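Chain residues, written in single-letter form:
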Amino acid sequence: MTNFTGIPTFGGSFLGNGHTIRGIRMKQEGSVVGFFRYVQPKAVIDNLHIEGTIQPKGTSTTVGSIAGVNGGTIQNCSFTGTVSGNEIIGGIAGLNKASSIIENCTVNGKVYGNHYIGGIAGENKGVIRQCLNHAEINAEVDHNSLGMSLDLDINSMLEKESTETATNIGGIAGTSTGVVRESVNHADVGYKKMGYNVGGIVGSQIGYL
């Protein structure tokens, strides 16, 4: 395994040509973490495959394998391994911004955290299409660090969302105000009686499915 702190920002075209980068380990402290921390508008990441462990320390508020924050296009990419953090955690990108695209991407392994956790993106404001998730999403009790009670009742579920409860967990996106289409989740999502706003495709959404 190789320690890697990530490329701070990228605004061009990255052509992976089908190559795989193996053994990436990102465990440093940080808030926005990914192979590319920020993918800028008009940037394109194409046909890049990564295997490794993305588990930053510290606040770890926006974490993904390919990108922490995607403002451009990520296409024909894949990740195999583990991605985890606190909130806005995705197998490909933590945050997929408005007018941004994640297309024809695949994730295998495990993705977990506390809030806004998705197999492809933790939070989607843009477009996710033709993506596949095979990664377990918060599927084990020890994936969640909040010390949740396993005795949630209907009253607690109807109360205002608590920062001490695992919320918004989906096989494709944790939460979406954008578009999710032609995408499939094949893995387990959520642990029994743990958290709410849990869905096979999206945990919560006011966008288009």
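Please refer to the structure placed before this passage.
Chemist: Describe the overall build of the protein chain, naming the residues involved and giving the relevant values.
Modeler: From N to C terminus, the protein chain includes one helix and 26 strands. Nonlocal contacts in the protein chain, meaning residues at least 24 apart in sequence, comprise 80% of its contacts between residues at least 6 apart.

Chemist: Got a sec to walk through the packing of aromatic side chains? Specific residues and values, please.
Modeler: Here a ring pair, both rings aromatic, is described through the centre-centre distance and the interplanar angle of the planes. In the structure shown here, the tally under the stated rule is five aromatic pairs. Summarising the aromatic geometry, the rings of Phe 14 and Phe 36 are spaced 5.4 Å apart at their centres and angled 75° between planes, so their arrangement reads as edge-to-face. Placement of the pair is Phe 14 in strand β3 (residues 13-15) and Phe 36 in strand β6 (residues 36-39), with a sequence separation of 22 residues. According to the relative accessible area criterion, Phe 14 is partly exposed, its value standing at 24%.

Chemist: Please give an account of the sheet that holds strand β12 (residues 78-84) that cites residues and values.
Modeler: Judged by pairing direction, the sheet is parallel, and its seven strands sit side by side in the order β1-β4-β8-β12-β16-β20-β24 without closing on themselves. Of all strands in the sheet, those with a lone pairing partner are β1 (2-3) and β24 (184-185), marking the two edges. Two elements, β12 and strand β16 (residues 106-112), share seven bridges in a ladder whose sense is parallel. Bridging across to β16, Thr 80 finds its partner in Asn 108.

Chemist: Any chance you could break down the side chain of Ser 176 for me, citing the residues and the numbers?
Modeler: With respect to the element layout, Ser 176 can be found in strand β22 (residues 173-176). We classify Ser 176 as buried; its relative accessible area is 1%. Within the structure, Ser 176 has its side chain in polar contact with the side chain of Asn 124 (distance 3.1 Å). Polar contacts involving the side chain of Ser 176 include one to the main-chain amide nitrogen of Gly 178, which spans 3.3 Å. For Ser 176, the contacting residues outside a window of four places in its chain are Asn 124, Val 202, Ser 204, Gln 205, Ile 206 and Gly 207.

Chemist: Talk me through the side chain of Ser 204; I want residue IDs and the actual numbers.
Modeler: Mapped onto the secondary structure, Ser 204 falls in strand β26 (residues 202-205). Among the polar contacts made by the side chain of Ser 204, one reaches the side chain of Asn 168 at a distance of 2.7 Å. If near-sequence neighbours (up to four positions away) are discounted, Ser 204 is found in contact with Asn 168, Gly 174, Thr 175, Ser 176 and Asn 197.

Scoring rules and cut-offs
- Residues numbered from 1 in each chain as written.
- Predicted model: local features only at pLDDT ≥ 70, side-chain atom pairs only at ≥ 80, totals over all residues.
- Heavy atoms only, no water.
- Helix = DSSP H or I, 4+ residues; strand = E, 2+ residues; numbered from the N terminus.
- Contact = heavy atoms within 4.5 Å.
- Phe/Tyr/Trp six-rings, centres within 6.5 Å; stacked < 30°, edge-to-face > 60°.
- Buried < 20%, exposed > 50% of the residue type's maximum accessible area, 1.4 Å probe, protein only.
- Pairing = 2+ DSSP bridges.
- Polar contact = N/O pair within 3.5 Å; in protein donor to acceptor, adjacent residues only side chain to side chain.

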